[in-house]
Amino acid sequence: MLQTVLDAKPAGETLTARDTTLAAYRFMLRARVLDDKFAALYRAGKIHGGVFLGRGQEALSAAVGISLKKTDVFAPLIRDAAGRLAFGETILDAVRTYLGSSQGPMRGRDGNVHRGKPLEGYFPMISHLGAMISVVNGALFARRMKGISGTVGATCLGDGATSTGAFHEALNQAAVEKLPLVMVLADNQYAYSTPTSRQFVCDDLADKAIGYGVESSSVDGTDLAACLKTVGNAVAKARAGEGPQLVVAKLLRLCGHGEHDADGDILSAKQSYIDPKLKNSPLGRDCLKVAEEFLLREKWTDAATLATWRSEIVIEIEEAVAQVRREPAPDPYDEKWLAISSAHLSEMHEE
Amino acid sequence: MLQTVLDAKPAGETLTARDTTLAAYRFMLRARVLDDKFAALYRAGKIHGGVFLGRGQEALSAAVGISLKKTDVFAPLIRDAAGRLAFGETILDAVRTYLGSSQGPMRGRDGNVHRGKPLEGYFPMISHLGAMISVVNGALFARRMKGISGTVGATCLGDGATSTGAFHEALNQAAVEKLPLVMVLADNQYAYSTPTSRQFVCDDLADKAIGYGVESSSVDGTDLAACLKTVGNAVAKARAGEGPQLVVAKLLRLCGHGEHDADGDILSAKQSYIDPKLKNSPLGRDCLKVAEEFLLREKWTDAATLATWRSEIVIEIEEAVAQVRREPAPDPYDEKWLAISSAHLSEMHEE
Amino acid sequence: MSITYLEAIREAQAHALRDDPRVFIYGQDVGAFGGAFKATKNLAKEYPGRVLDSPISEDAMVGMAVGAAIEGMRPIIEMQFADFSIVGFNQIVNQAATLFWRTNVPCPITVRLPFGGTEGGGPFHSQSIEAIYAHYPGLVVLTPATVEDAYSMLLEAVAIDDPVIFCEHKFLYYHLKAEKLPSEALPIGKARIAREGRDLTVVAYSAMVHEALEAAMELAAEGWEIEVVDLRSVKPLDTDTVIASVARTGRLLCVGEAWPWGGVTAEVIARVASEGFGLLDVPPQRLNAKDTPVPYHPNLWMAHRPTARAVAAAARKILRR
Amino acid sequence: MSITYLEAIREAQAHALRDDPRVFIYGQDVGAFGGAFKATKNLAKEYPGRVLDSPISEDAMVGMAVGAAIEGMRPIIEMQFADFSIVGFNQIVNQAATLFWRTNVPCPITVRLPFGGTEGGGPFHSQSIEAIYAHYPGLVVLTPATVEDAYSMLLEAVAIDDPVIFCEHKFLYYHLKAEKLPSEALPIGKARIAREGRDLTVVAYSAMVHEALEAAMELAAEGWEIEVVDLRSVKPLDTDTVIASVARTGRLLCVGEAWPWGGVTAEVIARVASEGFGLLDVPPQRLNAKDTPVPYHPNLWMAHRPTARAVAAAARKILRR
Ligand SMILES: Cc1ncc(C[n+]2csc(CCOP(=O)(O)OP(=O)(O)O)c2C)c(N)n1
Ligand SMILES: Cc1ncc(C[n+]2csc(CCOP(=O)(O)OP(=O)(O)O)c2C)c(N)n1
Ligand SMILES: [Mg+2]
Ligand SMILES: [Mg+2]
């Protein structure tokens, strides 16, 4: 949410493209540094289970988060550290979830990218791909029933997830109900190791919109300014009641599928399953560098400021990690082992 | 299958449009009379469970069945009596299944439209809509692996079933594997009572093909000649290796969803949920009458012959029903209550 | 006046819609048409905009209910047949059922499953699948056997804060009748002694309660007094009431219409064996459907599912030990 | 040479591909990449055209396997995690599992489910869902606990004519090792006495066999002789071997990593209570995971699943009665 960043700004002043782009860039940077930290913690054996990064996808993701309002609904996926931060997630909550702190929103019950705060419109993904879309539909539907207007719901998905039945049913449902859903597809050329040629045959994922009767737009996912414009437009259209919007961004995953997947990291693997041609194509550009170059070229900032921002963020993240390390881990004896909220209806199997 | 009907024809002679159309018409007529008989048996309380008719959809369905070869694969749905007969099903087996005869292909274990003979490429539907498509894909895939070429797999679906995840996953799968699948959609304007406006938003279901990267064609489902041509072309293309083909036919269901659904029968209900405007539109034409008029106009047959055919079919069906009535019903004591074929691995729960 | 089990379900929904603006109904053909079984007859007219036809998208139907529940609504999802809920299974067991535990946000949705066998239903319109829902943490699974329970338990299902799988038996829809709707009811989680007896406890639920009662009548003529426990809810399962009954009778037969492996009957017997072992005078037994798909032909179907005669026969074996 | 549980699974598939031209493998990332766990490493290269990457379409993956099976093939489907098989559940339980009974045409497909908890797996990469498959008629459900069984049972799974749910435990993948692959094996459907003892029968399967064995060692130090039965296959379930063991020990503890309601432990106890009641000296007990989703944090996870310590504690209670 742009508002959160720009709270300092005197009320009434309108936001310039410069403001927005700078704010978005800073979320990208925060996400990149945070992801790098998670990767380092993973290598150091400090994280249980998987680590999933958004490297190379920060421009798109930040554009989604920043285009939303606090009162909107957002269901991010595994590569959306930037979007999450831009939507209002704190670094602390991200770290808490990865480290399983009992103080985090998931209280050690769920971890890594499976985090959110449903009552704040920030929906925590379940792992089953495509499953969050209809949940966002439901929230939007409910708001309409309650007479709340102007809400948008955004959700992110990869190219591979378009092959799920859940994706299909939910996008169609949004179209039938004419819901203000913005579905953002990050076509990063691979689903884990599987290239898009084994996933779909249409020329461009945006073609899929036609069959659902929804609007679509395509964007270069490595270009922050373009992402801001395209995603911003889609959000605006959805908010204006023009129905579901599909946004398809082309880009490349600049990391392994997860941090366990060394072969999937085109940047560092000796032999990667990622086609090196893609790396050298425009898709393979690092959106963070592209954004920096853009900002410098436009003279919206300078190199020294960029360096300061980065070091500030590094410190903030280190502090967050240090703090979370001191927080108590969940204690199984204190845990309420109840899967339902109606305690009187739950079954305790004493062992 | 055309061949079965025209077996009498000296080998080598090519089939004319006249031959094909007449053969298809006769399957339509057989299906209509058979369906009417099932409806009568239902009203007389002689059928357990539901009865589902294809009234108004015989032209399309017959066109599918007749366009296939004996060695092809066919997975029909609930409104495909005509296609089933044209693909080679006997009236006897249809009656046996509806009446639950132990001599039928389903041996009283399954009934009504849930019938087929898998080893003959005639797949018996399960009820879950969309679930048969990937099964057809699998058969086509297997044949390709085995080096068998020239096979086509056809499957039929309604407008409502396009909303299922199974439809999406399977059509996409066929596209990715470039399988010779012909998916025939009967857009009969309703799914049970639900109009297409609550089911999808695209202008025409054929638009869906684009997102899957498959070819599509549209046809007036009330026009036999058009159906034969369009479906025939699609089958030929699939057979020639051009990948999956989507055929969308527009028509109207001229019966209730099932025979229990009096309100759904636009022909006889006083007040139907079917929009009367549709009945009076070209979509509402009865394809059987349209075909008869066409045959007479072309002078490919005459009214007397049509009447003879009908009475011959009536007799054949009455005889089949009479015969099946004499066949033994399944006997629970003789039944092998084993859900798996490896008898040594099955569990017998003695009660 | 008399009211059927099906009408009770309609009335409960009308009641819920009337009293609670957060309630809405979503399912195939539930709108103007009133549902495949007419369980929502006229409700779309009476509550405009709150009873909506869904596309044939069971996964998205449930997902949307979860999202609406997060926003404070109380959606009721009608599956056209329980058997089709399987294509929405993921959203039920992995989305709805995990929400509270993961996030502390409750998920008050009700999924109505018209379930169980009827004549000619066949393999895909007859299934009793309560056990696979009960296996997952996070769900409440209800199986009303009476008109009164159909009504009061559905109302309670909508009222409670957790996802409820409401298994309404199609076989009971039309022929089960009551004089009037109840004004009070046992709470969910309590089983009911449907008939008292001291010789044998027969535990049943849903349609099987009626087979058990009929068997009890038959056995009464032979001098046996059978106690019939109607579980009402299979999760939570009221072990206490079952064990108290076994304490009185010393004998247990558990009857279910579902498949044997891991069904309600297995769970009940496992609990009684663990927690009430000493109360059992003879081995507890169970009677289930056969371990095959549900057959189409009535001859086969009647042999596939437990009937009053089969219950009586199984009971006699236990009584004679 | 030493071979892991995971390598045994790879070897079994290589063996099947080599010996039977009808076998092929289909699943996400199983091709050039060799699968998320590398269970198909190099197989795509060694058997060109027979190890194929699928789209992320579990429903269509299973449906396609059924169609191929009808055509005489022997497909192996790899689910990336057992938890995701739920979106292919309908095709498994309603399509594959009903085919033979409905049509007399067998359906020889094998669905591999990498299942069970590991550290940090969390709610959706840890599930043990064998029970919901076993509940449905028409499926064979296997749960190998050893490297040898992983190999021989997978080979047998591919060979038999029915749909097999092959539950391979992720926790055993890397750390369970054997000297060599077996040349002979118990047939599917037979349980195995993993350790002999006369004081208590502990029935377990998959990873829990190892917790049970560890508990048995711990208890041996206290003078107790624990018999551990490894079920190997949960459907069919070898009741005879279990009952024969209970006949020797008079005491039964059943351990499962799945949720309690209607799990394998319920089924085993229900059977022993019904068929071997008189052999039990004290009430049979079960030990399961807790009835909540599987937690992410190892502290919680270790308390959620039964561990050797928990097994030993539960065993002591039974032994002291
Ligand atoms: C239904 C389902 N099947 C399989 C998986 C396992 N899985 C997790 S991420 C992934 C690849 C996703 O690819 P894509 O959608 O392109 O997203 P990306 O990772 O490229 O961002 C797979 C197969 C899953 N999470 N859900
Ligand atoms: C997954 C699933 N959900 C619900 C049903 C119940 N059902 C059977 S037919 C039908 C309507 C189908 O409509 P359509 O696909 O348009 O075919 P038509 O009946 O019009 O030929 C429904 C909802 C089902 N069979 N499968
Ligand atoms: Mg991708
Ligand atoms: Mg239709």
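Scroll up to find the structure this text is about.
Residues numbered from 1 in each chain as written. Chains lettered and ligands numbered in written order. Predicted model: local features only at pLDDT ≥ 70, side-chain atom pairs only at ≥ 80, totals over all residues. Heavy atoms only, no water.

Q: Sorry, what's going on with the sheet that holds strand 14 (residues 285-287) of chain C here?
A: Strand-to-strand pairing in sheets goes through backbone hydrogen bonds, with the strands running parallel or antiparallel. Residues and elements named next belong to chain C. The strand order 9-11-10-13-14 describes an open sheet built from five strands, whose pairing is mixed. Either end of the sheet is taken by a strand with one partner, and the two such strands are strand 9 (192-195) and strand 14. Taking each pair of neighbouring strands and ignoring which way they run, the sheet shows an average axis angle of 25°. Here strand 10 (residues 200-204) runs beside strand 13 (residues 252-255); their pairing, made up of three bridges, is parallel. By the bridge assignment, T201 is partnered in strand 13 with L252. Across the sheet, helix 9 (residues 264-275) touches strand 10, strand 13 and strand 14, and the angle it forms with strand 13 is around 155°. (Pairing = 2+ DSSP bridges. Helix = DSSP H or I, 4+ residues; strand = E, 2+ residues; numbered from the N terminus. Axes fitted to C-alpha atoms, helices over the stretch in contact; angles between N-to-C directions. Contact = heavy atoms within 4.5 Å.)

Q: Got a minute to help me understand the coordination of the magnesium ion (ligand 4) in this structure?
A: In an ideal octahedron of six donors the angles at the metal are 90 or 180 degrees, and in an ideal tetrahedron of four donors they are 109.5 degrees. Residues and elements named next belong to chain B. The protein atoms donating to the magnesium ion (ligand 4) are D159 (OD), N188 (OD1) and Y190 (O), with metal-donor distances spanning 2.0 to 2.2 Å. Donor residues binding the magnesium ion (ligand 4) come from one chain and are separated in sequence as D-x28-N-x1-Y. Of this pair, D159 sits in the loop between strand 2 (153-158) and helix 7 (165-177) while Y190 sits in strand 4 (residues 190-191), and the two are 31 residues apart along the sequence. (Donors = N, O, S within 2.8 Å, 3.2 Å for Na, K, Ca; no water.)

Q: I would appreciate a short explanation of the coordination of the magnesium ion (ligand 3) in the present structure.
A: Residue and element names in this part refer to chain A. The coordination sphere of the magnesium ion (ligand 3), as far as protein atoms go, consists of D159 (OD), N188 (OD1) and Y190 (O), spread over 2.0 to 2.2 Å. Motif for the magnesium ion (ligand 3), donor spacing along one chain: D-x28-N-x1-Y. Here N188 lies in the loop between strand 3 (181-187) and strand 4 (190-191) and D159 lies in the loop between strand 2 (153-158) and helix 7 (165-177), a separation of 29 residues in the sequence.

Q: Is there a simple way to think about the interface of chain D and chain C in this case?
A: For interface size, the figure often reported is the accessible area lost on association. Contacts between chain D and chain C engage 49 residues on the former and 49 residues on the latter. Both sides of the chain D and chain C interface together cover about 4,500 Å² of buried area, and 69% of this is carbon and sulfur. Taken as a group, D:H135, D:W261 and D:F277 account for 22% of the area that chain D buries against chain C, more than any other trio of residues on that side. In this structure, the connection of chain D to chain C is made through four salt bridges. Two residues, C:D291 and D:K235, come together in a salt bridge whose shortest N-O distance is 3.0 Å. (Buried area = accessible area lost by both parts, 1.4 Å probe. Salt bridge = Lys/Arg side-chain N within 4 Å of Asp/Glu carboxyl O.)

Q: Mind showing me how you'd approach the site of ligand 1 here?
A: Lining the immediate surroundings of ligand 1 are 20 residues, of which A:R79, A:G160, A:N188, A:Y190 and D:E58 lie closest. At the site occupied by ligand 1, the surrounding residues belong to chains A and D. One nitrogen or oxygen atom from the main chain of A:S127 is found 2.9 Å from a nitrogen atom belonging to ligand 1. Separating a nitrogen atom of ligand 1 from a side-chain N or O atom of D:Q80 is a distance of 3.4 Å. (Near = heavy atom within 4 Å. Polar contact = N/O pair within 3.5 Å; in protein donor to acceptor, adjacent residues only side chain to side chain.)

Q: What is the right way to read the site of ligand 2 from this model?
A: In the vicinity of ligand 2 there are 20 residues, among which B:R79, B:G160, B:N188, B:Y190 and C:E58 approach most closely. In this structure, B:N188 approaches ligand 2 through a side-chain N or O atom, which is 2.8 Å from an oxygen atom. Here ligand 2, which alone exposes 580 Å², has 94% of that area covered by the protein. Counted by class, the shell around ligand 2 contains nine nonpolar, eight polar and three charged residues. (Areas by Shrake-Rupley, 256 points an atom, 1.4 Å probe, with all protein chains shown as cover. Nonpolar A, V, L, I, M, F, W, Y, C, P; charged D, E, K, R; others polar.)

Q: Explain unusual backbone geometry here, please?
A: Note on backbone geometry: most residues besides glycine have negative phi, and most peptide bonds are trans. Cis geometry marks the peptide bond from C:K235 to C:P236, where omega comes out at 0°. Its location among the elements puts C:P236 in the loop between strand 12 (233-235) and helix 8 (239-249). The backbone of B:K299 sits at a positive phi, close to 60°, despite the residue not being glycine. Here B:K299 shows up in the loop between helix 11 (287-297) and helix 12 (303-326). Here B:K299 falls in the exposed class, since its relative accessible area comes to 71%. (Buried < 20%, exposed > 50% of the residue type's maximum accessible area, 1.4 Å probe, protein only.)

Q: Can you help me understand the environment of B:P282 in this one?
A: Along the chain, B:P282 turns up in the loop between helix 10 (276-280) and helix 11. Through-space distance from the C-alpha of B:P282 to that of B:T222 is 8.1 Å; in sequence the pair is 60 residues apart.

Q: What is the right way to read helix 6 (residues 133-145) of chain A from this model?
A: Owing to its 3.6 residues per turn, the α-helix brings residues three or four apart onto one side. Residues and elements named next belong to chain A. Compared with an ideal rise of 1.5 Å per residue, which puts 13 residues at 18 Å, helix 6 spans 18 Å between its outermost C-alpha atoms and is within 8% of the ideal. Most of helix 6 is tucked away, with 11 of its 13 residues classed as buried. Buried residues of helix 6: I133, S134, V135, V136, N137, G138, A139, L140, F141, A142 and R143, and no others. Two residues or fewer past helix 6, G147 is found with a positive phi of approximately 85°. (Expected span 1.5 Å × (residues − 1).)

Q: Hey, could you run me through the pattern of salt bridges in this one?
A: Pairing between side chains of opposite charge can happen when the charged atoms of each approach one another. Tallied over the entire structure, the rule returns 77 salt bridges over all chains. The residue B:E327 makes a salt bridge to B:R96 at a minimum N-O spacing of 2.7 Å. Of the two residues, B:E327 sits in the segment after helix 12 while B:R96 sits in helix 5 (residues 91-99), which places them 231 residues apart along the sequence. One salt-bridge network, in which partners are shared between bridges, spans A:D93, A:R96, A:K117 and A:E327.

Q: Sorry if this is basic, but what is going on with the pairing of strand 5 (residues 110-115) of chain C here?
A: Successive residues of a regular strand alternate their side chains across the two faces of the sheet. Residues and elements named next belong to chain C. Of all six residues in strand 5, six are buried, a share of seventy percent or more. Here strand 5 shows a buried face lined by T110, R112 and P114 and a second buried face lined by V111, L113 and F115. Where strand 4 (residues 74-78) meets strand 5, three bridges bridge the pair, whose relative direction is parallel. Counterpart to I77 in the pairing with strand 5 is V111. With helix 4 (residues 89-103) bridging strand 4 and its parallel neighbour strand 5, the resulting β-α-β unit is right-handed. Pairing between strand 5 and strand 7 (residues 164-169): six bridges, direction parallel. Residue pairing in the sheet places R112 in a bridge with F166 of strand 7. (Right-handed = clockwise from strand over helix to strand, strands pointing away.)

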